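The chain contents come next:
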Amino acid sequence: MSGDSMLKPLDPAAWDPSLKGIISDMKGNPLNVHRLMANHPQLLKAWWDFRNYSVQGGALGRRRGELVILRVALHMRAWYEWGSHVERSLACGLSLEEIERVKDPAASAWALPESLLLRAVDELIETRGLSSDSLQALSGHYSPQEIMDIMAIHGMYVILGCMINTWGLELDVGVVAKLPDGVTQEAFEAAYPRD
């Protein structure tokens, strides 16, 4: 494959045959981010189990996994990631008010464990690790496996945010249709410009 600087999502009909299981997992309609990654079949195939684990929230569970992903999306200024996970967060029981509150980890309405979780994402992105004080605070509410999953899920969505932002990935039309009024690319990018 030649090095195309403007990669585009691939139609599944053009995917490498080794990816047929992923097409099947997505019921024949992979998301744009999967279609983009299909330009590198070995990477997509290797990444798939990690993706499935992370989307389910790992040891954190769906709700807390989505909080991690939403906070990463804000840091990455990745509309695709934010829009996709607003829809997923609503589907797993988060309210729109809670989703909006992800923008303020210090908000008094957060229970301490979730405030610590969101602040941990900030620290991981800003300092590339957790301080001993943060680790001690998290350890009062999360198992070592859950803390590892905060790191792992954050890392997976940093990877995706880099790809999304590099190639200007468009949010899937089916996802856009499920978003509540006011949750738009224009509003997100006005609040979180990439420049």
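The coordinates are above.
Residues numbered from 1 in each chain as written. Predicted model: local features only at pLDDT ≥ 70, side-chain atom pairs only at ≥ 80, totals over all residues. Heavy atoms only, no water.

S.K.: I keep staring at the environment of Leu 44 and nothing clicks. Help me out?
M.R.: Tracing the chain through its elements places Leu 44 in helix α3 (residues 41–55). Once the C-alpha coordinates of Leu 44 and Asp 122 are considered, the two residues, 78 residues apart in sequence, prove to be 27 Å apart. Ignoring any residue separated from it by four or fewer positions in sequence, one finds Leu 44 in contact with Trp 15, Leu 19, Ile 22, His 34, Met 37 and Ala 38. (Helix = DSSP H or I, 4+ residues; strand = E, 2+ residues; numbered from the N terminus. Contact = heavy atoms within 4.5 Å.)

S.K.: Mind showing me how you'd approach the pattern of salt bridges here?
M.R.: Pairing between side chains of opposite charge can happen when the charged atoms of each approach one another. Counted according to the given criterion, the structure contains seven salt bridges. The partner of Arg 64 in a salt bridge is Glu 114, and the shortest N-O contact between them spans 3.6 Å. One end of the pair, Arg 64, is in helix α4 (residues 61–76); the other, Glu 114, is in helix α7 (residues 112–127), with 50 residues separating them in the sequence. Given a relative accessible area of 23%, Arg 64 falls into the partly exposed group. Residues joined in a network through salt bridges with shared partners are Arg 63, Arg 64, Glu 98 and Glu 114. (Salt bridge = Lys/Arg side-chain N within 4 Å of Asp/Glu carboxyl O. Buried < 20%, exposed > 50% of the residue type's maximum accessible area, 1.4 Å probe, protein only.)

S.K.: What should I look at first to understand helix α5 (residues 79–91) in this one?
M.R.: Given 3.6 residues per turn, any residue in an α-helix points the same way as the ones three and four places further on. Relative to the 18 Å expected for 13 residues at 1.5 Å per residue, α5 spans 18 Å between its end C-alpha atoms, a close match to the ideal helical length. In terms of burial, α5 is a largely internal element, 11 of the 13 residues being buried. Among all positions of α5, only Trp 79, Tyr 80, Glu 81, Trp 82, Gly 83, Ser 84, His 85, Val 86, Glu 87, Arg 88 and Ser 89 are buried. Gly 93 sits one or two positions beyond α5 and adopts a positive phi of about 110 degrees. (Expected span 1.5 Å × (residues − 1).)

S.K.: When you look at the packing of α7 against helix α9 (residues 144–167) in this model, what are you seeing that I'm missing?
M.R.: Helix-helix packing is characterised by the crossing angle of the two axes and by the distance between the axes. For the pair α7 and α9, interaxial distance at closest approach is 10 Å and the crossing angle is 55 degrees. In terms of axis orientation, α7 runs oblique to α9. Crossing angle aside, the handedness with which α7 passes α9 is right-handed. From α7, Leu 117, Ala 120, Val 121, Leu 124 and Ile 125 reach across to α9, where they touch Ile 150, Met 151 and His 154. (Axes fitted to C-alpha atoms, helices over the stretch in contact; angles between N-to-C directions. Parallel < 35°, antiparallel > 145°, perpendicular 65-115°, else oblique. Left-handed = near helix turned anticlockwise from the far one by under 90°.)

S.K.: Quick question: what am I supposed to make of the side chain of Glu 146 here?
M.R.: Looking at the secondary structure, you find Glu 146 in helix α9. Put simply, Glu 146 is tucked away with no salt bridge, and the nearest opposite charge, on Arg 64, sits 5.4 Å away. With sequence-adjacent residues up to four places away left out, Glu 146 is seen in contact with Ala 59, Leu 60 and His 141. (Lys, Arg positive; Asp, Glu negative; His and termini not counted.)

S.K.: I keep staring at the nonpolar core and nothing clicks. Help me out?
M.R.: Across soluble globular proteins, nonpolar side chains have a tendency to be buried as a group. In this structure, Leu 44, Trp 82 and Ile 150 are the most contacted members of the largest nonpolar core, which totals 58 residues. Elements with a minimum of two residues in this core: α1 (20–25), α2 (32–37), α3, α4, α5, α7 and α9. Those residues in contact with Ile 150, other than ones at most four positions away along the chain, are Leu 60, Val 68, Leu 117, Ala 120, Val 121, Leu 124 and Leu 138. (Core = buried A, V, L, I, M, F, W, Y, C linked by side-chain atoms within 4.5 Å.)

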